[in-house]
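Structural overview
As a plain string of letters, each chain reads:
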Amino acid sequence: MPNRLFQGIVNQMREAIGRTVGVVDESGTVVACSDLGIIGEVRKSVVAAGVFNSAQTCVDNATYTTFDVLIHPEYAVFVDGVDELAYRYSQIIAVALDQIKHNNDEKFDRSNFVKNVILDNILPGDIYIKARELHFNNDATRVVFLIRTNQETEIPVFDILQNFFPDKTKDFVININESDIALVKEVRPNVDSKDLEKLARSINDTLLSEFYFNAVIGIGTCVTGVKELAHSFKEAQVALEVGKVFDTEKTIISYENLGIARLIYQLPTTLCDMFLKEVFKRGSIESLDNETLFTIQKFFENNLNVSETSRKLFVHRNTLVYRLEKIKKLTGLDLREFDDAIVFKVALMVNKYLASSPIKY
């Protein structure tokens, strides 16, 4: 990772100063250089001259300045020339690279820290200690988006999302497994859930329009405090799993909007099976044909309004009333009555849940 980081900087430095610039590690190997042909070259004279035992050394018509000093230097910048300018350039570049690497290391440590928190891989008592060490803002409000895609692409989704959210001090993109990537996003307090869904939709639209693959995004609730991030992550997971059962056509599923589906998903399947048998004493739910089920769906979508539903279905009002009477005879439930409609709606969702989950005894 540092080598790629160094390479981008030294390329820009050569354009600025007009000299070959590079970085060597402790073994004398050139790990980055504005002259690409030199990368990988082992400079034995660097080790022999003791470059890493002093702050600055001139070897083979190049000036070396060490950096990334913890116990001892791990890298050294070299600039062609042994004149005063080479001396100054190497010092300036060393300071820049040292700071950039430090920031990158801190960001990487923070990302690992956040990953361990959301996956419950760190003891609760250690969370605040580590957060203080990393200067992690514990008072910020954050939310977890879980992006799931099963399509293989030439461009890793992780890299795409990293480019979407370049502020590495506030937003963290974390690989969970082959199909799931978590985005831990800092947001303003009391952010509207519609704004979160809008952001998720923007991510989805970009992935589809520019990279031609679909993703499903689960959104947890907003939390304050680093320890609570694990809850938001679990909620995003639940949102995806519940959406897979009850909202198969949706690509953005928010935990806050799961409603009764969340409750049903947490019920034992044996209890759900008993509930269905009690509700449909007169006949099985399977006895309802597709036309009848479609009529029921539209009736619910139009808030149990007979006139509005018949208009949307392009059928006469009496035809709809006849169908509702037929449903009443089959099930004993009159969907025009609010209490019966509620029971029937829940029963349909329970049936859908059972269809996706085998009954466990």
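Shown above is the structure to which this text applies.
Bear in mind that the values here come from a model prediction, so they are computed numbers and not experimental data. (Residues numbered from 1 in each chain as written. Predicted model: local features only at pLDDT ≥ 70, side-chain atom pairs only at ≥ 80, totals over all residues. Heavy atoms only, no water.)

Description of helix α13 (residues 338-356)
For an α-helix, the turn length of 3.6 residues means that residues three or four places apart are oriented alike. Which entries qualify depends on this criterion: In this description a helix means any DSSP run of H or I spanning at least four residues, a strand means any run of E spanning at least two, and both kinds are numbered starting from the N terminus. What a helix should span is 1.5 Å times the count of its residues minus one. When accessible area is computed with a 1.4 Å probe and restricted to protein chains, residues below 20% of their type maximum are described as buried, those above 50% as exposed, and intermediate ones as partly exposed. Whether two residues are in contact is decided by their heavy atoms: any pair within 4.5 Å suffices.
The terminal C-alpha atoms of α13, which comprises 19 residues, lie 28 Å apart, in line with the 27 Å expected from a rise of 1.5 Å per residue. All buried positions along α13 are accounted for by Ala341, Phe344, Val346, Ala347, Met349, Val350, Tyr353 and Leu354. Residues of α13 that are buried sit in contact with α7 (229-246), α8 (260-265), α9 (269-279), α10 (290-301) and α12 (317-331).

Considerations on the pairing of strand β9 (residues 216-219)
The following threshold applies: Two strands pair if DSSP finds at least two bridges between them.
Looking at chain direction, strand β6 (residues 141-148) and β9 are connected through four bridges and run antiparallel. Residue pairing in the sheet places isoleucine 147 in a bridge with isoleucine 217 of β9.

Structural notes on the environment of aspartate 109
Along the chain, aspartate 109 falls in helix α3 (residues 84-118). Taking the C-alpha atoms as reference points, aspartate 109 and leucine 134, separated by 25 residues in sequence, lie 7.8 Å from one another.

Focus: the environment of isoleucine 203
In this structure, isoleucine 203 sits in helix α6 (residues 193-211). Separated by 162 residues in sequence, isoleucine 203 and glutamate 41 have C-alpha atoms that sit 42 Å apart. Those residues in contact with isoleucine 203 that sit more than four places away from it in its chain are Leu161, Phe164, Phe165, Leu183 and Ile217.

A few points about the packing of α10 against helix α11 (residues 306-313)
Stated precisely, the cut-off is as follows: Geometry is summarised by axes, namely lines fitted to C-alpha atoms with helices restricted to the contacting stretch, and by angles between N-to-C directions that run from 0 to 180 degrees. To sort the angles, those under 35 degrees are grouped as roughly parallel, those over 145 as roughly antiparallel, those from 65 to 115 as roughly perpendicular, and the leftovers as oblique. It is the rotation of the near helix from the far one that decides the hand of a crossing: anticlockwise by less than a right angle makes it left-handed, clockwise makes it right-handed. Under the grouping applied here, Gly and all other residues not named as nonpolar or charged are polar, the nonpolar ones being Ala, Val, Leu, Ile, Met, Phe, Trp, Tyr, Cys and Pro and the charged ones Asp, Glu, Lys and Arg.
Direction vectors running N to C along α10 and α11 enclose 125 degrees, while the axes themselves pass 9 Å from each other. Comparing their axes, α11 and α10 come out oblique. With respect to the hand of their crossing, α10 and α11 are arranged in right-handed fashion. Judged by residue contacts, Phe294, Thr295, Lys298 and Phe299 of α10 engage Val306, Thr309 and Leu313 from α11. Split into classes, the residues belonging to the contact of α10 with α11 amount to four nonpolar, two polar and one charged.

Brief notes about α12
Just so we agree on the cut-off: Think of it as the arc spanned by the lines of direction from the helix axis to the C-beta atoms.
Over its 15 residues, α12 runs 21 Å from end to end, which matches the ideal 21 Å to within 8%, given 1.5 Å per residue. Along α12, the residues classified as buried are Leu320, Arg323, Leu324, Ile327 and Thr331. Mapping the buried residues of α12 onto a view down its axis gives an arc of 95 degrees, with all of them on the same face. Those residues of α12 that are exposed and aimed more than 90 degrees away from the buried face are Asn318, Tyr322 and Lys329. Contact partners of the buried residues in α12: α9, α10, α11 and α13. Residue glycine 332 follows α12 closely and has a positive phi angle near 85 degrees.

Details of the side chain of asparagine 302
Rule in force here: Definition of a polar contact: a pair of N or O atoms within 3.5 Å, with one able to donate and the other able to accept a hydrogen when the atoms are protein atoms, and with sequence-neighbouring residues admitted only if both atoms are side-chain atoms.
Examined against the element boundaries, asparagine 302 turns out to sit in the loop between α10 and α11. Here the side chain of asparagine 302 touches lysine 312 through a polar contact of 3.3 Å, side chain to side chain. Once residues lying within four places of it in the same chain are set aside, the contact partners of asparagine 302 are Glu308, Thr309 and Lys312.

Digging into the pattern of salt bridges
Basically, it comes down to this: Whenever Lys or Arg places a side-chain nitrogen within 4 Å of a carboxyl oxygen from Asp or Glu, that contact is recorded as a salt bridge.
Counted according to the given criterion, the structure contains 18 salt bridges. Its salt-bridge partner being glutamate 84, residue arginine 88 comes within 3.0 Å of it at the nearest N-O pair. In this pair, arginine 88 and glutamate 84 are both assigned in helix α3, four residues apart and thus about one turn of the helix distant. Judged by its relative accessible area of 49%, glutamate 84 is partly exposed.

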